[in-house]
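Breakdown of the fold
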Amino acid sequence: TGDGRPGVAATLRALNEALGRPAALWVKESGARNLRHRDFLAPRAALSAAFPGGQVGRGRRRGLRRATCGQGTDFSPSRMQVPADAMASVTSLGGPGVLAVRGSQETPAGLAVQLRRPEAFQRLLGAPPGPAPAAGVPVRWVVLHCPALRAAPRLRHLRPLLLADHLAQLLRAQGVGVCLVPALAGEGSWDLLQQLRVEWPSSCGSSALTDAILALKQALGQSPCATGCEQGLGTAMLPEDAICEVHLKSFVEQQGLVGYDPNLDVLLVTEGKLRSLAELQQAVLQCTVSGPAALPASCFPHGSCCSVVHVVSCEEEFQQQQLDLLWRILDSGAHTALQKHLVCGPVKVTNPSSPIGADQYFQLRKRQMYEASVMKYGELAQDEAWTEVIDTLTVAAIRFEMLSTAHRCQITLDLEDSSISTKGTKSGAFVMYNCARLATLFDTYQQAVERGTYPPLPPASELNFSCLREEGEWLLLFNYLLPFPEVLQQAAQLPAPSKGIRITANTETVCKFLIQLSMDFSSYYNRVHVLGEPFPHLFDQMFARLQLLGAVRDMFHSALATLHLPPLSQI
């Protein structure tokens with residue numbers, strides 16, 4: 001990392017460089033069992049391939065003592081060899097963003113490395129927070145197009161909508177400019193968006209849009225792919241709402257385009273389709289105008305400063321491919337060649353008695369959340385103050401239900417089973433509950449400080465992080481706090497399609513991260529008494545734990561912000 005903050009990627013690069021091999025030999029451990037003994041491992045098979053012909057570390061070995069073999073293990077060191085100078089390089093690892101190594105050891109699994117853990121805690125938690133990065137002009141822009149918003153809200157539309165909303169937040173967090181399309185027609189359209197805390201722009205129409213539609217009609221009349229556009233010729237053969245017809249199949253063949261449905265043939269162009277394209281063109285123009293004028297052309301592939309991502313359900317994919325091709329025909333700009341399709345798998349409902357709409361689904365989950373809260377908290381949950389809590393829990397349950405599965409896979413909803421909303425470690429409610437536990441912890445501590453029970457938390461640079469020896473503490477730092485910036489970066493990546501127009505994004509990453517974090521935090525919090533007896537000799541450990549959990553709390557808040565979920569102070 002450029003700011004010197006230790007990171008997983010930087011440490012892995014340094015470990016690979018230490019062995020003098022460009023291949024990625026090392027893996028980061030994440031399981032609690034393996035982390036008791038090692039933090040990184042170069043697997044035995046990978047080492048044997050990289051260093052054939054002998055044993056590991058015969059010339060020189062530093063650090064921890066050699067691990068004893070498990071009972072019945074046939075560990076033959078003569079099968080691998082790492083040069084002595086490479087072993088020394090591993091042990092003396094260092095540099096900006098690189099975690100310091102305590103020692104290395106040979107094990108039956110391969111070459112294991114353990115880090116200097118107190119130093120890792122100090123570097124991650126002990127440094128004062130740097131200044132917030134200045135909000136500069138985005139270097140890159142993405143237009144996120146969600147066609148579902150042009151239709152009446154149906155259950156299958158919620159998935160691409162929530163995914164586009166989440167992806168927009170992830171991209172903005174990485175400094176990418178985002179333009180959302182289509183703008184909502186006006187107040188009252190899709191009231192459900194407000195209930196789901198979706199932030200989407202609205203528009204009352206503009207003359208620029210009208211001009212763009214006229215320009216597209218002119219381009220249509222001049223296109224060799226279009227027929228029936230001439231005044232008085234052929235229009236009687238077309239449906240009343242059609243302007244003309246466009247031959248998509250011949251265009252695909254002429255251009256050598258791949259990835260499109262082979263059934264695409266002739267498209268009847270309507271005013272509505274041209275309006276959709278005009279909205280996209282206006283969004284691209286907005287990105288171009290907002291983009292930095294002084295940046296070199298190399299920043300913008302193919303001469304464009306933005307790409308277009310259509311976030312669609314699999315049921316609407318065919319129609320979106322039609323619109324994609326129509327745009328390419330009428331506009332030869334680089335942005336039309338940068339179109340990508342992020343397709344969501346189907347949303348199925350088990351044993352539906354009748355079709356259920358998006359609004360009905362929301363109300364059902366809200367009622368289930370309310371009933372579960374009353375059952376658990378009694379009359380407290382019926383207080384007006386709980387209205388906001390139940391609303392937030394409902395949104396969390398729905399967002400995790402829709403987003404914690406890879407976007408290309410099917411989601412199956414059991415509407416009779418309320419456990420997805422109210423119970424279980426994989427629900428959004430469980431994540432929000434653990435976030436609220438952290439808020440309660442710090443409220444309790446602050447009240448105790450005000451009563452004089454505990455002293456205030458000292459500056460981070462004065463804390464003794466060698467007190468953090470519980471395995472759950474290293475798990476929280478090594479598996480979550482350390483890789484968190486890289487997790488957000490990975491979730492925001494929009495890789496170019498290897499072939500065709502479809503792309504795959506890691507949009508489930510943040511939800512899965514939060515679920516696993518909640519499980520490990522809950523296990524730690526149930527096992528460890530953070531606010532202990534007010535004895536001075538216990539304060540060092542308590543302060544170090546509070547600093548760790550304060551960083552975990554901030555991480556919860558940052559991750560939930562990408563889902564438009566506010567942290568709860570109580571549940």
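Residues numbered from 1 in each chain as written. Predicted model: local features only at pLDDT ≥ 70, side-chain atom pairs only at ≥ 80, totals over all residues. Heavy atoms only, no water.

The next point concerns the sheet that holds strand β7 (residues 226–227). The strand order across the open sheet built from three strands is β7-β8-β9, with neighbouring strands paired in antiparallel fashion. Two strands lie at the open edges of the sheet, namely β7 and β9 (266–270), each paired on one side alone. Pairing between β7 and strand β8 (residues 242–247): two bridges, direction antiparallel. By the bridge assignment for β8, Ala226 is matched with Val246. Strand contacts of helix α8 (residues 207–222): β7, β8 and β9, with the helix running at about 50 degrees to β8, the strand carrying the most contacts. (Pairing = 2+ DSSP bridges. Helix = DSSP H or I, 4+ residues; strand = E, 2+ residues; numbered from the N terminus. Contact = heavy atoms within 4.5 Å. Axes fitted to C-alpha atoms, helices over the stretch in contact; angles between N-to-C directions.)

Glancing now at the packing of helix α14 (residues 385–403) against helix α16 (residues 428–451). Look at α14 against α16: their axes get within 7 Å of each other, and the N-to-C directions meet at 130 degrees. Considering their axes alone, α14 and α16 lie oblique with respect to each other. Along its contact with α14, which presents Thr392, Leu393, Ala396, Ala397 and Phe400, the element α16 presents Gly428, Ala429, Val431 and Met432. The residue makeup of the contact of α14 with α16, split by class, is seven nonpolar, two polar and no charged. (Parallel < 35°, antiparallel > 145°, perpendicular 65-115°, else oblique. Nonpolar A, V, L, I, M, F, W, Y, C, P; charged D, E, K, R; others polar.)

With that settled, the discussion passes to the packing of aromatic side chains. Here the structure, examined in full by the defined rule, presents 10 aromatic pairs. Ring centres of Phe521 and Phe556 lie 6.5 Å apart, and the angle between their planes is 80 degrees; this geometry places the pair in the edge-to-face category. Here Phe521, found in helix α19 (residues 509–527), pairs with Phe556, found in helix α20 (residues 536–561); they are 35 residues apart in sequence, far enough to count as distant. Residue class for Phe521 comes out buried when judged on its relative accessible area of 0%. With a centroid separation of 5.8 Å and an interplanar angle of 35 degrees, the aromatic rings of Phe539 and Phe543 are classed as tilted. (Phe/Tyr/Trp six-rings, centres within 6.5 Å; stacked < 30°, edge-to-face > 60°. Buried < 20%, exposed > 50% of the residue type's maximum accessible area, 1.4 Å probe, protein only.)

Of note, the amide linkage connecting Val181 to Pro182 takes the cis form, showing an omega dihedral of 0 degrees. Inspection of the secondary structure puts Pro182 in the loop between β6 (177–181) and α7 (191–195). Phi is positive for Arg197, close to 60 degrees, though the residue is something other than glycine. Assignment of secondary structure puts Arg197 in the loop between α7 and α8.

Bringing α16 into the picture now. The α-helix winds at 3.6 residues per turn, so residues separated by three or four positions along the chain end up facing the same way. Spanning 24 residues, α16 covers 35 Å between terminal C-alpha atoms, matching the ideal 34 Å at 1.5 Å per step. Of the residues one or two after α16, Gly452 is the one with positive phi, at around 90 degrees. (Expected span 1.5 Å × (residues − 1).)

Let us now look at the sheet that holds strand β4 (residues 110–115). Spatially, four strands are ordered β1-β2-β4-β3 in an open sheet, and the strand pairing comes out antiparallel. For this open sheet the edge positions go to β1 (27–28) and β3 (101–107), each flanked by a neighbour on one side alone. Looking at chain direction, β3 and β4 are connected through six bridges and run antiparallel. By the bridge assignment for β4, Val101 is matched with Leu115.

On to the environment of Arg367, then. Inspection of the secondary structure puts Arg367 in helix α13 (residues 358–377). For the pair Arg367 and Ile390, spaced 23 residues apart in the sequence, the C-alpha separation amounts to 9.2 Å.

Next up on the list: the side chain of Thr91. Position of Thr91 relative to the elements: it lies in helix α4 (residues 84–91). Within polar-contact distance, the side chain of Thr91 engages the backbone oxygen of Met87 at 3.0 Å. (Polar contact = N/O pair within 3.5 Å; in protein donor to acceptor, adjacent residues only side chain to side chain.)

The buried fraction of strand β10 (residues 306–313) is high, at eight of eight residues. Of the two faces of β10, the one carrying Cys306, Val308, His310 and Val312 and the one carrying Ser307, Val309, Val311 and Ser313 are both buried. Pairing between strand β5 (residues 141–145) and β10: five bridges, direction parallel. The residue bridging Val143 from the neighbouring strand is Val308, located in β10.

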